[in-house]
Amino acid sequence: MKTRPIFSSALSSRLIPSVVAVLLFAATTPSLAQTGSISGQVTASGDLRPIVGAQVSIPETGLGTLTNSQGEFLIVNVPAGLQRVTAQMIGYSTETNEVDVSSGATVNLDFALNQTALALDEIVVTGTAGAARRREIGNSIGSIRSETLENETILSAQDAITGTVPSLQVNMNGGDPGAGGSIRIRGANSMTQGNRPLLYVDGVRMENDLFPGSMSNQAASPLDDINPNDIERIEVIKGASATTLYGTEASGGVIQIFTKRGQAGPPQWTAEMSQGISHVGSIGPGGESAAYLEKYPGAEDLFMRQWLQTGHEQDYGLSVRGGAEAMNYFLSGHVSDQTGVLPQQASSGLSLRGNLGFNPVPSLTVQFTGSASQRNIDWIPLGNLAKGFSLNIMRGPHDYVADADSVFLTEYETKENINHFITGTEFRFNPSANFNAKLNLGLDYADNDYNRTEVFGSLLEPEGIRVARRWTSQTRTVDLQSTYVQTIGALSTNTSIGFQIFQNKRLQVQGTSRNFAGPGNPTLNTGSSQTTDEDRLEEVNAGLFVQELLGLADKFFLTLGARVDGNSAFGEDYGLQFYPKASLSYVISDESFWPAALETSRLRFAYGESGKAPGYFDAERTWNPISSLGGLPGVTPSTRGNPELGPERSKEFEGGFEITMLQNRLIVDASYYHQTTDNALIELPQDPSTGFVSSQIDNAGSFINKGAELAIDATLVSTNRLTWGVGIIGSTMTSEILELGATPSIFLGGSLTPGMFAREGFPLPAYWGAKLLNPNEVAAPEVEEQYIGPMYPTRTISVSSFLNMGRLRANARVEHQGGHYQLSHTAWRNAQRGVWPPCFSVAEQIDAGNLSQLTAQERFECGSSFIADWGAYISPMDFIKLRSVSLAYDVPANLLGGRMGDLTLSLGGRNLWTTSDYVGVDPEAVDDNDSLTRHEYYNMPIPRVFTFTVRSAF
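The following paragraphs examine the structure supplied in this document.

Criteria and cut-off values
- Residues numbered from 1 in each chain as written.
- Predicted model: local features only at pLDDT ≥ 70, side-chain atom pairs only at ≥ 80, totals over all residues.
- Heavy atoms only, no water.
- Helix = DSSP H or I, 4+ residues; strand = E, 2+ residues; numbered from the N terminus.
- Rg over C-alpha atoms; globule rule 2.2 N^0.38 Å.
- Buried < 20%, exposed > 50% of the residue type's maximum accessible area, 1.4 Å probe, protein only.
- Contact = heavy atoms within 4.5 Å.
- Areas by Shrake-Rupley, 256 points an atom, 1.4 Å probe, with all protein chains shown as cover.
- Lys, Arg positive; Asp, Glu negative; His and termini not counted.
- Charge placed at Lys NZ, Arg CZ, Asp CG, Glu CD.
- Core = buried A, V, L, I, M, F, W, Y, C linked by side-chain atoms within 4.5 Å.
- Salt bridge = Lys/Arg side-chain N within 4 Å of Asp/Glu carboxyl O.
- Pairing = 2+ DSSP bridges.
- Patch = residues over 30% accessible without salt bridge, like charges linked within 9 Å, V, L, I, M, F, W, Y side chains within 5 Å.
- Phe/Tyr/Trp six-rings, centres within 6.5 Å; stacked < 30°, edge-to-face > 60°.
- Lys NZ or Arg CZ within 6 Å of the ring centre and 35° of its normal.
- Axes fitted to C-alpha atoms, helices over the stretch in contact; angles between N-to-C directions.
- Arc of directions from axis to C-beta.

Across its full length, the chain holds 11 helices and 49 strands. A globule of 954 residues ought to have a C-alpha radius of gyration of about 30 Å, and the chain, at 30 Å, matches this closely. For the C-alpha atoms alone, the extent of the chain along its principal axes is close to 100 × 75 × 70 Å. Across the 954 residues of the chain, 54% fall into the buried class. Contacts spanning at least 24 positions in sequence make up 68% of the contacts within the chain whose residues lie at least 6 apart. Surface summary for the chain: the accessible area is close to 39,500 Å², and the carbon and sulfur share equals 57%. Put simply, the chain has 65 plus and 99 minus side-chain charges, and the middle of one group is 5 Å from the middle of the other.

Have a look at this one:
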């Protein structure tokens, strides 16, 4: 027997619009009940500083709003009668007060929130199954909040994480507009598979590698496609003890960015305009003598001074957030334009974001997130290039174009267009207080269009050349998690199970065309010599995890978990991979025996394992296509393949404590970690007699990274008129290579990058070079190859200070990195050519054969005619940098006449001052983009940036 639907399709088509219309009318029609309003201010108890962005709500009605820059709020259409109003802000205690609302009247209600120093009840989601309170987690989690970002001069998303979390190291790489930096968490633990952490935005995995490189020897970063003004908070987890639940991708750590959401209440608009300038100070060692300038006119700043200009930056942004009881929204738009400190350097961008959340039924929350960005970058050739602008200029008369340096500005055109889309949908199902589930579906799509043209008739390519490259990356996320919570007396259980699939597809198509028939606007098909290359790659990683969190008396927490992973890059005989985890958190300050002076104290310990998969074809036997006899197609052996190839495995133990003292005025957070990477993927040479001549990736290595981390937050002064605080973030890191298989030493550099090695018993990676044995003798240099030092910092320190005087706020951050070394090709190559200012007089004596008065040190460093030893220019990279300074002033409302909302004016600067004994151009400038090794080769220093910003909230 057939069943008949309750509603026919015709009836449904008439009824559904009617129902929707009724619902919309009900949602938009003012309540007929008697209503009033609630106004007030939310401040920090003690100094009564306004708290900006605090959520004030009436949970029973769904009404609410956010406080403005003065901490003020207004809730309208509140039903008359007794109402319970709640004020909350991350980092502060939640307060609830009752107020009697009269019809047609506005009642005042103020809140003074206590700062919770350790915020143990703060909800975090990175590295946990679902979400958990910080007190329950046994590993350290770095957290960066939006109020921290607002207090500093932040120009990009990369700036937002610089110097803010222990063991999170960010290096700028270069001063080009649009250039991205290198990010490392707890050093390097892979020789062949990259060391960047995973990046997530609102639960969606995004592309984390730098985009393909440019002719500037720099590359753009997908991270900088995120507007920093859209960021609500950032969570950072650092090693295998915390990344087990991310499996075979996560041994480099995880950075998760959460963008702003709407809140119940009327629309709140924020408009921002920023103008800035950038410039570089001196380039090189300075100290040009009169004789030097007479021989080389215009040689100041390594011959660069005549080309330097003041760059200009401008940014404009507009956002709105708001919502109702069952729906919230956040929308933003951002436009930027930047010119560099050299001619024709430029970067412009546009970004749009829309976050929409709603509750179709009380037990279900749906959150849509989406962003679209576009960047256009104009590069000029820099760095280690015979066609490089900076290389030819900095070498003075010893260049490739006989001082016709302007050809690099008139005969070259290098452009990059980046389109980046990130979208996700999150479903949260909470049918009861004991059970919740989350499904996150996401897509990250990046499209990079790069083209470079050297025009017909150019000096170095008379017949012209054009390179066009199209690179795309698609990353799909499916993340399902469910959690069941139960409390039995003092015992609580939290059982989670989840399943994740990540698929990444990459496409790169590149063509090169040469020998044009004449001038014009060439394309790839206009040259008589054409070559093409196409790569299509796909990787899938899938994993299942389970986790049990046991709590006793809300102060003792034990977590046990495991993940099973499969990856398409594993060898066909390898199978699945198992990653366990365990952690312990003990809020010891809740015990009666604990000293009252140590107010809030927690001990934590964690152990975990994670991994890193091989490359796309590392496990496969491969062949190279050739043209054989008679022009017929053929192949030659390339790599032998390895059907048992698996991931690198990182195992990490971490222990630490958190303490507050002096009435929450002093906060100390310390950690120690010890990480071992086994089965490290290493590129090893093969026996040519097998017929396979290319190196093969094998699981043959083992490394150790270990170190300590410390974060101190101290409030030195706290009064009604003044708050002054200081933060100190420090870390140490040492690494050691335990095993490299059958090859105890692997050279990591190329023909122009000597001294870079991986050797058993030493850090990964490290510099080796000639060390002078008789520096003070008047004699020929006697040298011996020795270990010089690691390439990555062994210590980092960041000191910040915040001063709040009510309407006037000031902030500064100083950063130090040290213990590492780098080769400056700029200094070495210029010394060989006799145009390195400190070596000018010595080089002239050497060239004239006057050696009788020269020490071995002088000959070692300054021998011209290509005699100077590169080992003399492997230099300590220790530096101290004034990373950011800002000064902000909230204009009094009575001066604005209520026409502009809340107005804030701010001045800021970034990378303003550097002190270092590094011999080269800049200790942060590198030529290797994001590779394992680091060296500087005619790269531009990081510019100073000054900004003026006007922000209005209304």
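From this point, the narrative continues.
Turning our attention to the nonpolar core. Formed by 75 residues in total, the largest nonpolar core has its most connected members in Met-191, Ile-283, Leu-342, Phe-389, Leu-740, Tyr-873 and Met-940. Ranked by the residues each element gives to this core, the list is headed by helix α6 (residues 389-394), at 4 residues. Every residue in contact with Met-191, bar those within four places of it in the chain, is listed here: Glu-648, Leu-681, Ile-682, Phe-703, Leu-740, Ile-746, Leu-748, Ala-758, Leu-764 and Leu-932. With 23 residues, the next largest nonpolar core counts Ile-154, Val-170, Leu-199 and Ile-226 among its residues.

Side-chain pairs of opposite charge can arise whenever the charged atoms involved come near each other. Overall, the coordinates contain 48 salt bridges when judged by the stated rule. With a shortest N-O distance of 2.5 Å, Glu-152 and Arg-813 are connected by a salt bridge. Note that Glu-152 is positioned in the loop between α2 (146-150) and α3 (157-160) and Arg-813 in strand β43 (residues 808-818), a separation of 661 residues in sequence. Each member of the pair, Glu-152 as well as Arg-813, carries the same accessibility label: buried. Between Arg-604 and Glu-654 there is a salt bridge whose closest N-O contact spans 3.3 Å.

With 8 of its 8 residues buried, helix α8 (residues 825-832) lies for the most part within the structure. Three or more residues of α8 are buried, namely His-825, Thr-826, Ala-827, Trp-828, Arg-829, Asn-830, Ala-831 and Gln-832. At its buried positions, α8 is contacted by α6, β44 (821-824), α10 (856-862) and β48 (935-936).

Glancing now at the pairing of strand β14 (residues 198-201). Along β14, one buried face is formed by Leu-198 and Tyr-200 and the opposite face, lined by Leu-199 and Val-201, is buried too. The pairing of β14 with strand β17 (residues 254-259) spans 4 bridges and is classified as parallel. Bridge pairing in β17 links Leu-199 to Ile-255. Alignment of β14 against strand β15 (residues 204-206), held across 3 bridges, turns out to be antiparallel. In the strand pairing of β15, Leu-199 is matched with Met-206. Where β14 folds back onto β15 in an antiparallel hairpin, the turn is made up of 2 residues, including Asp-202, whose phi is positive at roughly 50 degrees.

Now for the side chain of Thr-164. Mapped onto the fold, Thr-164 is located in the loop between α3 and β12 (168-171). With a relative accessible area of 14%, Thr-164 lands in the buried category. Discounting chain neighbours no more than four positions away, the residues touching Thr-164 are Ile-144, Ile-729 and Arg-813.

Glancing now at the pairing of strand β2 (residues 55-58). Relative to strand β3 (residues 63-66), β2 runs antiparallel, the two being bridged by 4 bridges. Along β3, the bridge assignment pairs Gln-55 with Leu-66.

This part covers the environment of Ile-154. With respect to the helices and strands, the residue Ile-154 is situated in the loop between α2 and α3. Taking the C-alpha atoms as reference, Ile-154 lies 41 Å from Gly-36; in sequence the two are 118 residues apart. Contacts of Ile-154, omitting those with residues within four sequence positions, involve Leu-149, Asp-159, Ala-160, Pro-228 and Arg-910.

What follows deals with a nonpolar patch on the surface. Taken together, the side chains of Ile-488, Leu-491, Leu-550, Leu-552, Phe-556, Leu-558 and Leu-560 make up a nonpolar region of the molecular surface, amounting to roughly 580 Å² of accessible area. Listed by contribution, the elements that provide at least two residues to the nonpolar patch are β27 (527-552) and β28 (556-567). If you tally residues by element for the nonpolar patch, the top one is β28, at 3 residues. With a relative accessible area of 46%, Leu-560 lands in the partly exposed category.

As a further point, take the packing of aromatic side chains. If you walk through the whole model with that rule in mind, you get 22 aromatic pairs. Their ring planes at 55 degrees and their centres at 5.3 Å tell us that Phe-747 and Phe-757 sit as a pair that is tilted. Remark: Phe-757 occurs in strand β39 (residues 756-759) and Phe-747 occurs in strand β38 (residues 745-747); sequence separation between them is 10 residues. Classification of Phe-747 as partly exposed rests on a relative accessible area of 41%. The ring of Phe-502 has Arg-205 lying over it, and the distance from NZ or CZ to the ring centre is 3.6 Å.

In spatial order, the strands read β11-β16-β17-β14-β15; together these 5 strands make up an open sheet with mixed pairing. Pairing within the sheet leaves two strands with one partner each, and these edge strands are β11 (142-145) and β15. Within the sheet, the average angular offset between the axes of one strand and its neighbour, ignoring direction, is 20 degrees.

Every α-helix carries 3.6 residues per turn, so stepping three or four residues along brings you back to the same face. Within helix α9 (residues 840-847) the residues assigned to the buried category are Phe-840, Val-842, Ala-843 and Ile-846. The arc enclosing the buried residues of α9, seen along the axis, measures out at 160 degrees, which places them on a common side. Backbone geometry just after α9 places Gly-849 at a positive phi near 80 degrees.

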